[in-house]
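# A look at the structure
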Amino acid sequence: MKKLSKILRIVGIAVLISPFVIAWMPFLKDVLLAGVSPAYQNVVFGSFQQLTVTLLTTLAVAMVVTIVLGYFSILSMGFGRTSRNILDGIESIPAILVALFCYAPVSSFLASSSQSYSSVVSLMVFVFAATITTLPESVRGVALPLSELYHRKYSVSFRAYGFTKGRILTILMNSRTMRDVFRRTSASILLRTLVLDCSFGFIIQLGMGSYGTPAHSSPGALIAASRDVMFNANLTAGRTPLMFWLPVILLVSVSLAFLLLLGNDKEAE
């Protein structure tokens, strides 16, 4: 029964996260979005394609930095205290403000650059901002269980065989417990980045309309751009409430997938 439940959970996660896969299958546009204009179809698929790239890039960068910081936080107490104080300071600032602050120095450059080049730079800046906002929780989530493993169970026995502290930590990093921690941390990073991406896109769209500075294509921006269909009775041809609710439903779907991944890892402990 437990195995069946695990299989059903995996199937459920795969179904909920399928928008990221479908977004890279443009031949399905006319099949899945037959009731909306081709222009809107392109925007929906394009926004989820960029969201996929943003999530995966942020996850890769954030996990590398998290593992390095978590490792050295236990290896050196001084480094751990310093990094903890810095991360606590970052955590006290709302994530959306961190993103806006990161964009402020390059906003004029993005406005004067070509669309393609601006999009690449905008993605790099956002990944940097998203990584910063996820680090306090992710580093804490890695460092605490790693410290517990080191101090409670393995330090004495490994040292008896002549292992150095760095070598012990490297071994513990490859343990089953830490692999579960890394999976849980990855799910948390994905969920936090998803929320930040859509919130930032929504705010940028509200503030700058379709002007596109910074060039941040996001389902959140798509929701903001389509909000008029909810209160405007005199819509132009082809504009329907589906244009608002479709990205909302898809975002809820992928959010639930990340929550299930997070919950699954917690149960695995």
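How each quantity is defined
- Residues numbered from 1 in each chain as written.
- Predicted model: local features only at pLDDT ≥ 70, side-chain atom pairs only at ≥ 80, totals over all residues.
- Heavy atoms only, no water.
- Helix = DSSP H or I, 4+ residues; strand = E, 2+ residues; numbered from the N terminus.
- Buried < 20%, exposed > 50% of the residue type's maximum accessible area, 1.4 Å probe, protein only.
- Contact = heavy atoms within 4.5 Å.
- Arc of directions from axis to C-beta.
- Polar contact = N/O pair within 3.5 Å; in protein donor to acceptor, adjacent residues only side chain to side chain.
- Phe/Tyr/Trp six-rings, centres within 6.5 Å; stacked < 30°, edge-to-face > 60°.
- Lys NZ or Arg CZ within 6 Å of the ring centre and 35° of its normal.
- Patch = residues over 30% accessible without salt bridge, like charges linked within 9 Å, V, L, I, M, F, W, Y side chains within 5 Å.
- Areas by Shrake-Rupley, 256 points an atom, 1.4 Å probe, with all protein chains shown as cover.
- Salt bridge = Lys/Arg side-chain N within 4 Å of Asp/Glu carboxyl O.
- Core = buried A, V, L, I, M, F, W, Y, C linked by side-chain atoms within 4.5 Å.
- Axes fitted to C-alpha atoms, helices over the stretch in contact; angles between N-to-C directions.
- Parallel < 35°, antiparallel > 145°, perpendicular 65-115°, else oblique.
- Nonpolar A, V, L, I, M, F, W, Y, C, P; charged D, E, K, R; others polar.
- Left-handed = near helix turned anticlockwise from the far one by under 90°.
- pLDDT = per-residue confidence, 0-100.

## Here's the deal with the overall build of the protein
- Within the protein, the secondary structure is distributed over 12 helices and zero strands.
- Sequence-ordered secondary structure for the protein, helices as α and strands as β, is α-α-α-α-α-α-α-α-α-α-α-α.
- For the protein, with 269 residues in total, the buried portion stands at 42%.
- By sequence separation, contacts in the protein at least 24 residues apart represent 70% of the contacts at least 6 residues apart.

## Observations regarding the environment of K29
- Tracing the chain through its elements places K29 in helix α3 (residues 29–32).
- Owing to a relative accessible area of 17%, K29 belongs among the buried residues under this scheme.
- Separated by 13 residues in the primary sequence, K29 and N42 place their C-alpha atoms 8.0 Å from one another.
- Discounting chain neighbours no more than four positions away, the residues touching K29 are A34, Q41, N42 and F45.

## Topic: helix α9 (residues 165–173)
- All of the buried residues in α9 are G166, I168, L169, L172 and M173. Along the long axis of α9, the arc covered by the buried residues comes to 160°, so they all point the same way.

## Side note on the environment of V121
- Note that V121 resides in helix α8 (residues 115–160).
- As for V121 and Y103, which are separated by 18 residues in sequence, their C-alpha atoms are 10.0 Å apart.
- V121 has contacts with F109 and L110, leaving out every residue within four places of it along the chain.

## Let's talk about the side chain of S47
- Within the element layout of this structure, S47 appears in helix α4 (residues 38–75).
- The class for S47 is buried, based on a relative accessible area of 0%.
- A distance of 2.8 Å separates the side chain of S47 from the backbone oxygen of V44, its partner in a polar contact.
- Discounting chain neighbours no more than four positions away, the residues touching S47 are S217, S218, P219 and L222.

## Digging into the packing of aromatic side chains
- Within this structure, the stated rule accounts for seven aromatic pairs.
- Geometrically, the ring pair formed by Y103 and F200 is stacked, given 4.9 Å between the ring centres and 20° between the ring planes. Placement of the pair is Y103 in helix α6 (residues 95–103) and F200 in helix α10 (residues 176–208), with a sequence separation of 97 residues. Summarising the burial analysis for this pair, Y103 and F200 share the class buried.
- The ring of F45 is capped by K29, whose NZ or CZ atom sits 5.7 Å from the centre of that ring.

## Here we look at a nonpolar patch on the surface
- A cluster of nonpolar residues, V64, V68, F72 and F79, forms a patch on the protein surface that exposes about 330 Å² of accessible area.
- Take the nonpolar patch: its biggest share by element is three residues, from α4.
- Position of F72 among the secondary structure elements: in helix α4.

## Quick notes on the nonpolar core
- One finds M178 and L194 to be the most contacted residues of the largest nonpolar core, which totals 43 residues.
- For this core, the elements supplying multiple residues, two or more each, are α4, α8, α9, α10, α11 (219–225) and α12 (242–268).
- With 11 residues, the top contributor of residues to this core is α4.
- If near-sequence neighbours (up to four positions away) are discounted, M178 is found in contact with V142, P145, L146, L149, L172 and M173.
- V98, V121, V125 and A129 belong to the second-largest nonpolar core, a separate cluster that totals 14 residues.

## A look at the packing of α4 against helix α5 (residues 77–91)
- Where α4 contacts α5, the two axes come as close as 5 Å, and the packing angle between them is 130°. When the axis of α4 is compared with that of α5, the two are oblique. Across the interface between the two elements, L69, F72, S73 and L75 from α4 touch M77, F79, G80 and S83 from α5.
- Among the residues making up the contact of α4 with α5, the classes are represented as five nonpolar, three polar and no charged.

## Some details on the packing of α4 against α9
- One way to put it is that α4 packs onto α9 with a least axis distance of 10 Å and a crossing angle of 140°. Between α4 and α9, the crossing angle belongs to the class labelled oblique. Taken as a pair, α4 and α9 cross one another with a handedness that is right-handed. Residues I67, G70, Y71, I74 and L75 of α4 form the contact with α9, whose own contacting residues are K165, G166, L169, T170 and M173.

## Describing the confidence of the model for the protein
- Chain-level statistics for the protein give a pLDDT mean of 84 and a share of 87% at 70 or above.
- In this model residues 209–213 is a low-confidence stretch, pLDDT under 50, and it forms six contacts with partners more than four residues away in sequence or in other chains.
- A low-confidence stretch, residues 265–269 (pLDDT under 50), is modelled with six contacts involving residues beyond four sequence positions or located in other chains.

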